[in-house]
Amino acid sequence: MKRGKARTNEVVPKERINEQITANKVRLIGADGKQIGIVSLKEALHRAEAEDLDLVEISPNADPPVCRIMDFSKYYFEKEKKAKEARKRQHEVEIKEIKLGPNTEEHDYNFKKNNAIKFLKQHNKVKFTIRFRGRQMAHQELGLNVLERIKADLGHIAEPETEPVAERNMLYIIMSPKKDIDRILAKMEKEKTALEGKTVPTTQDKANSSTPAEPKKENLK
């Protein structure tokens, strides 16, 4: 199994990895991002070792803690890179928060997703917060599924700064607009206009389709 180690000049990572993890059971996410479910720490470590990857505790405050199988060295490098870029843009970028529930209805989800797209187009970050109430705390996987859906639906224009983070009775993730979001949006608009140009009938086509065919005259003798 790989071992992620911080070099002397680097900040020691907050995440616990591999044998540093102390929980008896963990909620495991595979290397492909799919939910595996609650398993023993021993099984999670075995799965990570079988793939020659690390087991990383990404949400230590969840019950049980959320762990993901990944290449920790690559993950930490990308995390530090994004953090540096974020610090450079910090004075220019606002973070807009959108609150969702673990059982958000479809129309409400789409409404809030469209609001998020507006914020991202304005080059703002968006923090998606899932709040659990009462017995919902026992089904945190529903909140994780919502955040994974957000990542998938907005993946063409935004990217997550971190994996989902657990805090008390909440889960959240921050999505940042992609660097080339303006170019991506311009391309999408161009493709949309071209598609509409092909599908919308011309004035002449409308006239031809709306004019009833002239009845055939019979030759009466």
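See the structure printed just above.
Here the structure is a predicted model, which means the values were calculated and not measured.

Some remarks on the overall build of the protein
Per the secondary structure count, the protein includes 6 helices and 9 strands. When contacts within the protein are restricted to residue pairs at least 6 apart in sequence, those whose partners lie at least 24 apart make up 61%. Entry remark: accessible area of the protein is about 14700 Å², with carbon and sulfur atoms responsible for 50%.

A word on the sheet that holds strand S1 (residues 25-29)
Taken in spatial order, the 4 strands line up as S2-S1-S4-S3 in an open sheet, and their pairing is mixed. Each edge of the open sheet is held by one strand with a lone partner, namely strand S2 (35-40) and strand S3 (54-59). The sheet shows a mean angle of 35° between the axes of neighbouring strands, taken without regard to direction. Pairing analysis gives 3 bridges linking S1 to strand S4 (residues 66-70), with the strands arranged parallel. In the sheet register, Ile 29 faces S4, and the bridge partner there is Arg 68. Relative to the sheet, helix H1 (residues 41-50) contacts S1, S2, S3 and S4, its axis offset from that of S2 by approximately 125°.

Considering a positive patch on the surface
Where like charges cluster on the molecular surface, the positive patch consists of Lys 99, Arg 131, Arg 133 and Arg 168. With respect to the helices and strands, the residue Arg 131 is situated in strand S6 (residues 125-131).

Re the packing of aromatic side chains
Inspection of every chain in the model, using the stated rule, returns 2 aromatic pairs. Relative to Tyr 75, the ring of Phe 72 lies with its centre 6.0 Å away and its plane at 45°, an arrangement referred to as tilted. Placement of both Phe 72 and Tyr 75 in helix H2 (residues 72-89) is noted, with a separation of 3 residues, approximately one turn of the helix. One exposure class covers both Phe 72 and Tyr 75, and it is buried. With a centroid separation of 5.8 Å and an interplanar angle of 15°, the aromatic rings of Phe 72 and Tyr 76 are classed as stacked.

Quick look at the side chain of Ser 176
Among the structural elements, Ser 176 can be located in strand S9 (residues 170-177). The residues contacting Ser 176, other than those within four sequence positions of it, are Leu 120, Lys 125, Ile 157, Ala 158, Glu 159 and Glu 161.

Things to note about helix H3 (residues 106-121)
The end-to-end C-alpha separation of H3 is 22 Å, in line with the 22 Å expected for 16 residues at 1.5 Å each. Residues of H3 that are buried: Tyr 109, Lys 113, Ala 116, Ile 117 and Leu 120. All buried residues of H3 project into a common sector of 105° when viewed along the axis, lining one side. Away from its buried face by more than 90 degrees, H3 exposes His 107, Phe 111 and Lys 118.

Points about unusual backbone geometry
Cis geometry marks the peptide bond from Asp 63 to Pro 64; its omega dihedral reads 0°. With respect to the helices, strands and loops of the structure, Pro 64 is situated in the loop between S3 and S4. The phi angle at Asn 18 is positive, at roughly 50°, despite the residue not being glycine. Tracing the backbone through its elements, the reader meets Asn 18 in the segment before S1. Here Asn 18 falls in the buried class, since its relative accessible area comes to 1%.

Calculation rules
- Residues numbered from 1 in each chain as written.
- Predicted model: local features only at pLDDT ≥ 70, side-chain atom pairs only at ≥ 80, totals over all residues.
- Heavy atoms only, no water.
- Helix = DSSP H or I, 4+ residues; strand = E, 2+ residues; numbered from the N terminus.
- Contact = heavy atoms within 4.5 Å.
- Areas by Shrake-Rupley, 256 points an atom, 1.4 Å probe, with all protein chains shown as cover.
- Pairing = 2+ DSSP bridges.
- Axes fitted to C-alpha atoms, helices over the stretch in contact; angles between N-to-C directions.
- Patch = residues over 30% accessible without salt bridge, like charges linked within 9 Å, V, L, I, M, F, W, Y side chains within 5 Å.
- Salt bridge = Lys/Arg side-chain N within 4 Å of Asp/Glu carboxyl O.
- Lys, Arg positive; Asp, Glu negative; His and termini not counted.
- Charge placed at Lys NZ, Arg CZ, Asp CG, Glu CD.
- Phe/Tyr/Trp six-rings, centres within 6.5 Å; stacked < 30°, edge-to-face > 60°.
- Buried < 20%, exposed > 50% of the residue type's maximum accessible area, 1.4 Å probe, protein only.
- Expected span 1.5 Å × (residues − 1).
- Arc of directions from axis to C-beta.

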